[in-house]
Amino acid sequence: MIIGVPKEIKNNENRVAVTPAGAAAFVKNGHQVYIQKSAGLGSGFTDEDYAKVGAQLLDTIEEVYAVAEMICKVKEPIAEEYPLVKENQLIFTYFHFASSEALTKAMIASKAICLAYETVEKKDRSLPLLIPMSEVAGRMAIQEGAKYLGKPTGGRGVLLGGVAGVKPANVLIIGGGIVGTQAAKMAAGLGANVTMMDVDLQRLRYLEDIMPANVDTVISNEYNLEEAVKTADLIVGAVLIPGAKAPHLVTRSMLKLMKPGTVLVDVAVDQGGCIETCTPTTHENPIFIIDGIVHYCVANMPGAVPYTSTLALTNATLPYALQLANKGWVKAVKENEELRKGLNIVNGDVVYKGVADAFNLPLEPIRLEEEIPA
Ligand SMILES: NC(=O)c1ccc[n+]([C@@H]2O[C@H](COP(=O)([O-])OP(=O)(O)OC[C@H]3O[C@@H](n4cnc5c(N)ncnc54)[C@H](O)[C@@H]3O)[C@@H](O)[C@H]2O)c1
């Protein structure tokens, strides 16, 4: 198959969908890889790195879309890319269709096959192509939180781990899923006093078993949360209710209960945020202060560490991308239910319920007769 890897052109996006190791794997499996020049630079991979493993470099994004049967990307196509997407072309990337009607309509009109990372789903309902970015964001939440606890940025001036004779900081993590667990590990490793809250008692039992001694678990309810925010130095919002907006668990009135200079990192901001006063920020201007409380609400946290994020993402995507290339998308989704769940739009038909519901579009069955041309 002919695989195309365009350079990401969304603002501040430095990840790339295929690493030199990935390109080597495609070539070894008999495929041709066309990558746009400098596509890997933001993640630390040079054009030579790709050329050495047999990938072919193209000057423009137009050439990549024109030649490819399968486009491997990171972010959804943006408006400039809509006209480049071709009928029957397989596009394997994050789409998040429900958040953009324009994108949905453009991909329907293109008659391409849109296979979305975020809806590839395992039998246990986990989302294997979202997990790596949650892992990155969870770990980053503590790194960033620790930084903004410094006095120069409005923080309390507290060192997470304390020192001999001085107590460590209190870190409160709301939500004990992927983000929360990774955040807790980092905070605990730095020596902080960590409290994890979740509504899922089963999950808390598991966390209690695997976490180090400086991590406590507490059931999440309004009363316990109000108590916990009073003593916290750093609070991480890591809640997810699948398919729904995040609930505002930390309310504006709770800010008054907190110590001045407390830092809030709302990782769930991409789903509306679980801290009422959080609104999305960017890596250029990551924080703002309300009532003396520092808010960090960057909606694309992994974007700041493209090297790690690219490797984490491609470790997870490559095995699926290889199946698509080796078998063609029809055979691949027939044989792999996880990949089949990733199909969102096929040749102009919306085949994923969440997307159809979001824009009142008819939900069509997945028709698997047609193959993409070899
Ligand atoms: N900002 C970013 O860059 C970024 C990056 C990755 C993920 N995220 C977001 O982080 C959030 C968490 O993702 P995840 O992968 O950890 O999800 P997850 O499903 O693994 O974990 C969510 C946890 O929240 C818990 N929860 C639900 N309601 C709760 C409540 N009322 N109180 C306490 N806990 C509650 C669930 O039981 C679950 O354990 C999501 O909104 C995700 O989109 C953001």
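Residues numbered from 1 in each chain as written. Predicted model: local features only at pLDDT ≥ 70, side-chain atom pairs only at ≥ 80, totals over all residues.

## Here we look at the pairing of strand E11 (residues 263–266)
Residues of E11 alternate between two faces, with Val263 and Val265 on one and Leu264 and Asp266 on the opposite face, all of them buried. Bridge count between strand E10 (residues 234–237) and E11: four bridges; the pairing is parallel. Opposite glycine 237, over in E11, you have aspartate 266 as the bridge partner. Relative to strand E13 (residues 293–296), E11 is paired through three bridges, and the arrangement is parallel. Within the sheet, the bridge partner assigned to leucine 264 lies in E13 and is histidine 295. (Buried ≥ 20, exposed ≤ 12 C-beta atoms within 10 Å, placed from the backbone. Helix = DSSP H or I, 4+ residues; strand = E, 2+ residues; numbered from the N terminus. Pairing = 2+ DSSP bridges.)

## Some points on the sheet that holds E13
Strand pairs in the sheet, formed through backbone hydrogen bonds, run parallel or antiparallel to each other. Here seven strands make up an open sheet; going across it, the order is E9-E8-E7-E10-E11-E13-E12 and the pairing mixed. Sheet topology places strand E9 (215–219) and strand E12 (287–290) at the edges, where each strand pairs with a single neighbour. Strand-to-strand twist in this sheet, taken as the mean axis angle between neighbours without regard to direction, amounts to 20 degrees. In the sheet, strand E8 (residues 193–198) pairs with E9 via five bridges, with the strands oriented parallel. By the bridge assignment for E9, threonine 195 is matched with aspartate 216. Across the face of the sheet, helix H5 (residues 131–148) comes into contact with E10, E11, E12 and E13 while running at roughly 155 degrees to E11. Here helix H7 (residues 201–210) sits on the sheet in contact with E8 and E9, set at roughly 170 degrees to E9. (Axes fitted to C-alpha atoms, helices over the stretch in contact; angles between N-to-C directions. Contact = placed C-beta atoms within 7 Å.)

## Section: the site of the ligand
If you check the shell around the ligand, you find 32 residues, and the closest are Ser134, Ala137, Gly177, Val179 and Ser220. At the level of elements, H5, helix H6 (178–189) and E8 are the ones that each hand at least two residues to the shell around the ligand. (Near = placed C-beta within 6 Å.)

## Here's the deal with the UniProt feature "active site" (unreviewed entry) in the chain
Per the UniProt record, the feature "active site" (unreviewed entry) sits at His96 and Asp270. The annotated residues occupy 175 residues of the chain but converge on a single region, no pair of C-alpha atoms lying more than 11.2 Å apart. As for its placement among the helices and strands, histidine 96 is situated in the loop between strand E5 (90–93) and helix H4 (101–110). Setting aside residues up to four positions removed in sequence, histidine 96 forms contacts with Glu76 and Glu118. Secondary-structure assignment places aspartate 270 in the loop between E11 and E12. (UniProt positions renumbered as here; feature names shortened; annotations may be inferred.)

## Some words on the domain arrangement of the chain
Much of the literature gives interface size as the accessible area that the parts lose upon coming together. One can read the domain layout of the chain as domain 1 (2–120 + 306–358) and domain 2 (131–304). Computed over C-alpha atoms only, the centres of domain 1 and domain 2 are separated by 33 Å. Listed by partner, the interface residues are eleven residues for domain 1 and eight residues for domain 2. For the side of domain 1 that touches domain 2, the element with the highest residue contribution is helix H9 (residues 306–327), accounting for seven residues. Its residues assigned to classes, the side of domain 1 that touches domain 2 comprises four nonpolar, six polar and one charged. (Domains from an automatic or database assignment. Nonpolar A, V, L, I, M, F, W, Y, C, P; charged D, E, K, R; others polar.)

## What to know about the environment of threonine 93
Locating threonine 93 in the fold gives a position in strand E5. In this structure threonine 93 comes out as buried when scored by C-beta crowding, with 22 C-beta atoms within 10 Å. Considered as a pair, threonine 93 and proline 77 are 16 residues apart in the sequence and their alpha carbons are 8.7 Å apart.

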